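# Close look at the chain arrangement
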Amino acid sequence: MIAAAPVWVSYLLPPAIVAAQKRYPAMQIHLLSMDYADAMPRLRNGDLDIFCGGFTSEEMLPSFLARRRFFQAQMHVISRQDHPILRESPNDLEKLLDYPWLSYQNDWGYLDLAMERIKARTGQRKSASVFCETIIAALIMIQEGDYLSYLPDNFMRIVPGFNLRTVAIDMPGDTFHSGIIFRRSLETNRAFQTIVATVDDMIKRKMDQGTRGFSL
C-alpha cells in the first residue's frame, strides 16, 4: 500500500506503477492520497508500506523504515505570468499585502510560513481569501486570478500546463526534501526497484526541463 502527497500521487507515481505492473502483472497496488502527518503513524504501525512526498523533519525512523531523498524543493511566492506584482520592487514586501492570497491547505501550513516572514519585515500579515485542498484547482485559480500563493517550486516544475512564475522578493525561501519513506524489506523487491528507478528518471527529466523553462 502506497500513500503519496498530491504531486506524487497525480504525476510521478502513475507512470511508475504502470511500468512496474507491466513487468510484474500479478502485483497489486493500493495508491492513496495522504499527507506526511497522516502517513507516518500508519507507516509505523504497518498499515502502509511506502510514503512519497515532502519530509517535514529529519526525525529518527524505526529500524524497519528507510528514507530516500529524490529532490529538494524551495518555497516561493508565485503568481500568474502577467501579475501586476511583478512590476513592483523586490524590497517592498508591503505590496504583497495589496493582493488576495490563496492558501493551498496541507499539514505544512505554507501560507503561515510566508506571512511570518512578511510580518517580521513589515509588521503586517494577511489571511487567505481562498483555501483550497486540491493542487490543480489552486494552480488554475492562481493562473486565472490576481492571487498570490506560497508554494514549492516543484509544483511548477513537475505539474504540466500552467504558466506561472515566481515573484522576485527580498525574502528567504523555506526548503524541504521530497522523496520516499519505505519498509526496508522492500529494498530487494524488484517491483519496488522498478517504481523507484522510473520515478528517479522522471524527476531528473522533469527537473531538467523545468530548469530550462522555469522563471525565477
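One structure accompanies this document, and this report is about it. (Residues numbered from 1 in each chain as written. Predicted model: local features only at pLDDT ≥ 70, side-chain atom pairs only at ≥ 80, totals over all residues. Heavy atoms only, no water.)

## Things to note about the pattern of salt bridges
- This model, assessed by the stated rule, comprises seven salt bridges.
- Across the pair Arg-80 and Asp-82 runs a salt bridge, and its minimum N-O distance is 2.6 Å.
- Among the residues examined, Asp-82 registers a relative accessible area of 52% and is labelled exposed.
- Between Asp-112 and Arg-125 there is a salt bridge, with its nearest N and O atoms 3.5 Å apart. Of this pair, Asp-112 sits in helix H3 (residues 110–122) while Arg-125 is found in the loop between H3 and strand S6 (130–132), placing the two residues 13 residues apart along the sequence.
- For Asp-112, a relative accessible area of 42% corresponds to the partly exposed category.
- Taken together, the salt bridges that share partners define one network made up of Arg-68, Asp-200 and Lys-204. (Salt bridge = Lys/Arg side-chain N within 4 Å of Asp/Glu carboxyl O. Buried < 20%, exposed > 50% of the residue type's maximum accessible area, 1.4 Å probe, protein only. Helix = DSSP H or I, 4+ residues; strand = E, 2+ residues; numbered from the N terminus.)

## Re the pairing of strand S4 (residues 65–80)
- In the sheet, S4 pairs with strand S9 (residues 175–183) via nine bridges, with the strands oriented antiparallel. Bridge pairing in S9 places Arg-68 opposite Ile-180.
- Pairing of S4 with strand S7 (residues 149–152) involves four bridges; the strand directions are antiparallel. By the bridge assignment, Val-77 is partnered in S7 with Tyr-150.
- Pairing of S4 with strand S8 (residues 164–166) involves three bridges; the strand directions are antiparallel. Bridge pairing in S8 links Ile-78 to Thr-166. (Pairing = 2+ DSSP bridges.)

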